[in-house]
Amino acid sequence: MARGEHSPACARRWREQAQLRQWTLWQTVQAIHGCCGVSLLKAHRLGRGWSARQAIEELEHLCEQQNLGHPRASIDLLNAWENNRARPRPQTIDLLARLYRGNAVRLGLAADYCEDQGGQKIVVVGPGQTAEQARAEDPAADDAERRALFHQAMLMGTPSGRFFAEVEGLRHDLDRTLAAGTVNEDQLDRLDEQVLRYRREYMTTPPTPMLSRVMLEISDVRRLSAVRQPSSVQRRLLTATTMLTLLAADALMKLGDTRQAHAWYGTARAASDDVGDLRLRALVRAQQTMLLYYYGDLNETVRLAREARMLAGSAPSSPAALAAAAEARALARMGDGKAARIALAEAEQIFARMRGISQDDLAFVFTEKRMKFYRTGTLIELGDAQQVQGIDGFPPGFQTIDPALILLDQASHLARHGDHEESCRIAAEALRQVPAEHRTSIVVTRARALLADADPALPAVRRLRRVLSESSPTLALSGLFPAADLAVAEPAEPAEPAETAENA
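Since this is a predicted model, take the numbers as computed values, not measurements.

Caption draft 1: A look at the overall build of the protein chain. The helix and strand tally for the protein chain stands at 25 helices and zero strands. Counting all 504 residues of the protein chain, 51% fall into the buried class. If you take every contact in the protein chain between residues at least 6 apart in sequence, the share linking residues at least 24 apart comes to 68%. Accessible surface, the protein chain as shown: approximately 23,200 Å² in total, 50% of it carbon and sulfur.

Caption draft 2: Representation of the packing of helix α20 (residues 402-416) against helix α22 (residues 441-449). In the contact formed by α20 and α22, the axes pass within 10 Å of each other and the chain directions differ by 20 degrees. Judged on the interaxial angle alone, α22 and α20 are roughly parallel. Viewed along their axes, α20 and α22 form a crossing whose handedness is left-handed. Seen from α20, the contacting residues are A404, L405, L408, D409 and S412; seen from α22, they are I442, V443, R446 and A447. Along the lines of polarity and charge, the residues of the contact of α20 with α22 split into six nonpolar, one polar and two charged.

Caption draft 3: Up close: the state of the cysteines. Following the criterion strictly, the structure yields zero disulfides and no others. Between C36, a cysteine without a disulfide, and C10, which holds the nearest cysteine sulfur, the sulfur-to-sulfur distance is 3.5 Å.

Caption draft 4: Representation of the confidence of the model for the protein chain within the structure. Per-chain confidence: the protein chain averages 81 in pLDDT, with 80% of residues scoring 70 or above. Under a pLDDT of 50 for its full length, residues 118-124 has, in the predicted model, nine contacts with residues more than four places off or in other chains. The low-confidence segment residues 476-504, where pLDDT is below 50, has 49 contacts with residues more than four positions distant or belonging to other chains.

Caption draft 5: Just the nonpolar core, in detail. Grouped together as the largest cluster of nonpolar side chains are 109 residues, with contacts concentrated most on L211, M215, W264, F366 and L464. Excluding its chain neighbours within four sequence positions, the residues that come into contact with W264 are V167, L170, R171, L174, M215, I218, T245, A248, A249 and L252. In this structure, W50, I56, C63 and L99 belong to the second largest nonpolar core, which totals 19 residues.

Caption draft 6: The arrangement of the packing of aromatic side chains in detail. This model, assessed by the stated rule, comprises eight aromatic pairs. Aromatic pair W14 and W23: ring centres 6.1 Å apart, planes at 20 degrees, arrangement stacked. Under the relative-accessibility criterion, W14 is labelled buried at 1%. When its relative accessible area of 22% is taken as the criterion, W23 is described as partly exposed. A cation sits over an aromatic face here: R329 above Y293, 3.9 Å from the ring centre. The positively charged end of R333 is found above the aromatic ring belonging to Y293, 5.1 Å away from the centroid.

Caption draft 7: Quick look at the pattern of salt bridges. Applying the stated criterion to the full structure yields 26 salt bridges. We note a salt bridge from D409 to R329, for which the minimum N-O separation is 3.9 Å. Taken together, the positions of D409 in helix α20 and R329 in helix α16 (residues 318-334) put the pair 80 residues apart, joining distant regions of the chain. Looking at R329, the relative accessible area reads 2%, which means it is buried. One salt bridge in this structure joins R375 and E348, with 2.6 Å as the shortest N-O distance. On the criterion of sequence distance, the pair formed by R375 in helix α18 (residues 368-382) and E348 in helix α17 (residues 337-352) is long-range, its members being 27 residues apart. A residue is classified by how much of its surface remains accessible, and R375, at 22% relative accessible area, is partly exposed. Through salt bridges with shared partners, a single ionic network connects R269, D273, R281, R285, E300, R303 and E307.

Caption draft 8: Examining the environment of R53 more closely. Position of R53 relative to the elements: it lies in helix α4 (residues 52-65). When the C-alpha positions of R53 and I75 are compared, they lie 6.1 Å apart, and in sequence the two are 22 residues distant.

Caption draft 9: Here's a closer look at unusual backbone geometry. For R101, which is not glycine, the phi torsion reads 55 degrees and is therefore positive. Residue position: R101 is located in the loop between α6 (90-100) and α7 (131-136). If you check the backbone angles, F364 has positive phi at about 80 degrees while not being a glycine. Looking at the secondary structure, you find F364 in the loop between α17 and α18.

The rules behind each value
Residues numbered from 1 in each chain as written. Predicted model: local features only at pLDDT ≥ 70, side-chain atom pairs only at ≥ 80, totals over all residues. Heavy atoms only, no water. Helix = DSSP H or I, 4+ residues; strand = E, 2+ residues; numbered from the N terminus. Buried < 20%, exposed > 50% of the residue type's maximum accessible area, 1.4 Å probe, protein only. Contact = heavy atoms within 4.5 Å. Areas by Shrake-Rupley, 256 points an atom, 1.4 Å probe, with all protein chains shown as cover. Axes fitted to C-alpha atoms, helices over the stretch in contact; angles between N-to-C directions. Parallel < 35°, antiparallel > 145°, perpendicular 65-115°, else oblique. Left-handed = near helix turned anticlockwise from the far one by under 90°. Nonpolar A, V, L, I, M, F, W, Y, C, P; charged D, E, K, R; others polar. Disulfide = S-S within 2.5 Å. pLDDT = per-residue confidence, 0-100. Core = buried A, V, L, I, M, F, W, Y, C linked by side-chain atoms within 4.5 Å. Phe/Tyr/Trp six-rings, centres within 6.5 Å; stacked < 30°, edge-to-face > 60°. Lys NZ or Arg CZ within 6 Å of the ring centre and 35° of its normal. Salt bridge = Lys/Arg side-chain N within 4 Å of Asp/Glu carboxyl O.

Set out below in structure tokens:
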């Protein structure tokens, strides 16, 4: 790679863009030439995704097929031609033109003195311009493609790798928009109503269709965010943006895409910090503790919960109660029983003072059901068996996977204390309670982890393996996990130790 050239990954991104936008090969070559700092000759090779060796092999095959003789070309010569350190002979230029289906002008090996502007549509890419910047120049086409993809995922329920790439791309676009300015007021009432509806639907809707709907709404928000608006309008839009990005982050957490979940929480923090509302900033941090608790560092969970409590202040509120409850549960799991009981008592006190505050079943509202969820999880980790009894029966209104998460907390606690048979029995029961469309990574991977130290001959272990094998196809279809990684085979006979380790 010559000095000043972009890495091959940049050309690969342009090929992906070209496929999405149905560009011709010549348009793709121009985009790579304009962006990546390479010669036109090299752009032809990169536009096809060929290495230098592949290009020479293709040239030799072409010459053999068309009886053109043996080409006087090699990898070293090709590199010299592509980097303008040498010039091919006229006969070789003709062969390269045949190979790349162009002419000497399009190969950059001759000048074009024509006055007419005929030919196909030209893709103009400025020096150093990225694929993302080029997409930003045509936002209408970009949004149309994304919306079609999100609608398709909503209908099919099987998101692909491209789906999650577009989720990430939309977040990057939104980050840039937030940095540049904010939104417009005549559509804010509709936006507020939509956000409220999504927060209500989120309690029972599977994460994939929910994420698709939220992405569509964020696309609309981003389109409104072209210019900076008066501060009152800006605050309302940023508040809605914060709520939508929180929904996206939580859905991605349930789907097991922790990297993007962390990133979307970062976007939510940027939006809430721009609003300047301390309670909203506290809510974002309190919500993110759940991702850290299940997939991250318990010490970081406690730190973020305390930061949220500090921002929420002394007045009773959902963020304050959630942060205290999250801190209690993390401390209990860390084995700090005394501090956990103090934090849980503080969460109970804050919640008791919230009696007059709305208790609607909305995402991010700390209700009696949420208090019970965290209280039970904390008591399980504290080993308070008396208080934990009867958690199998939950009243209606819980989020769909909440009962399963509590049962899995209990199963994990039992496994850490050596009762693997009862742990696997409870985990299997927890998974059975979750409808197939909600049986995502957050529950499946936690149940699967319980098999690591369990005796595969135990009936409860074999039953958990069966339930997990039923869950694998759904997760594999999501595109996040290959089916081979999710398969948990049940041995016909008691497995040998080596097989046990592999299956676990």
